[in-house]
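This is what each chain is made of:
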Amino acid sequence: MIRRPPRSTLSSSSAASDVYKRQGEYIGDFRNGEFHGYGRLEVPISFTQRAVYAGNWARGIREGRGTHWNGEGKLYIGEWRNNKRHGTGSYFFNIPSWKENEHTEFWLKDNFENYTGDFVEDHFQGKGIYRWPDGQRYEGSFFASDKHGEGTFYYTTGTSRKQFWHYGDLIR
């Protein structure tokens, strides 16, 4: 059932409120007038594109596991905390179009540029793998969405190279 809470029940600071103001359509659970539990929110971002979030909500913000398509080529599948990517997840780039349940996360990892690993407050942080569509990949440490610390770069030829990064700069 499609339900829209009355504007007066949404707090002005909640993410749900901000999205609702743009005339999104939400299908899912509510508690005290806020998105809570599992739900799907679709928001038009242009005449032809829509942003979609399908997953868990807590008091009007994304919390728990969910999938977010930004409508402009980026897709995130993973954990959320306080409306930010936080925990383990996969972030895909340069996807020309996306439909729910069309491709698995595993297929996307092999066919599109992506980062899979740990997130902290919307940043790649901790251990992760950054893959390019041509088969190259970097496996190692990240901090604030930059390579940081030790890692290994794997080339399409099958060779690999140990690397050490300092806040996005290759040291050795």
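Reading the values: the criteria
- Think of each chain on its own: its residues are numbered from 1, step by step along the sequence as written.
- Local features in this predicted model are restricted to residues whose pLDDT is 70 or higher, and side-chain atom pairs enter the listing and the counts only when it is 80 or higher, whereas totals over whole chains, interfaces and linings include all residues.
- Only heavy atoms go into the side-chain values, all of them from the structure, while hydrogens and water stay out.
- Predictor confidence is given residue by residue as pLDDT, running from a minimum of 0 to a maximum of 100.
- By definition in these notes, contact holds between two residues if any of their heavy atoms fall within 4.5 Å.
- Whether a residue is buried, partly exposed or exposed follows from its accessible area with a 1.4 Å probe, protein chains only, as a fraction of its type maximum: under 20%, in between, or over 50%, in that order.
- The helix and strand labels rest on DSSP assignments: H or I over at least four residues marks a helix, E over at least two residues marks a strand, and numbering proceeds from the N terminus.
- Two strands are counted as paired when DSSP detects at least two bridges linking them.

### Concerning the confidence of the model for the chain
Interpretation of the predicted coordinates at a detailed level should be avoided for regions scoring low in pLDDT.
Then, in step 1: Looking at the chain, the pLDDT average stands at 88 and 87% of residues meet or exceed 70.
Then, in step 2: For the stretch residues 1-17, pLDDT sits under 50, and the model shows 38 contacts to residues farther than four places along the chain or on other chains.

### Some thoughts on the pairing of strand E7 (residues 114-120)
Regular strands place their side chains on alternate faces of the sheet.
Then, in step 1: Among the 7 residues that make up E7, 5 are buried, leaving the element largely enclosed by the rest of the structure.
Then, in step 2: As defined by bridge partners, strand E6 (residues 84-92) adjoins E7 across 6 bridges and the pair is classed as antiparallel. Within E7, the position partnered with Gly89 by the bridge is Gly117.
Then, in step 3: For E7 and strand E8 (residues 123-131), the ladder comprises 6 bridges, and the chain directions are antiparallel. Looking across to E8, one finds that Thr116 is bridged to Ile129.
Then, in step 4: In this structure, the hairpin formed by E7 and E8 is closed by a connection of 2 residues, where Glu121 is found at a positive phi of approximately 50 degrees.

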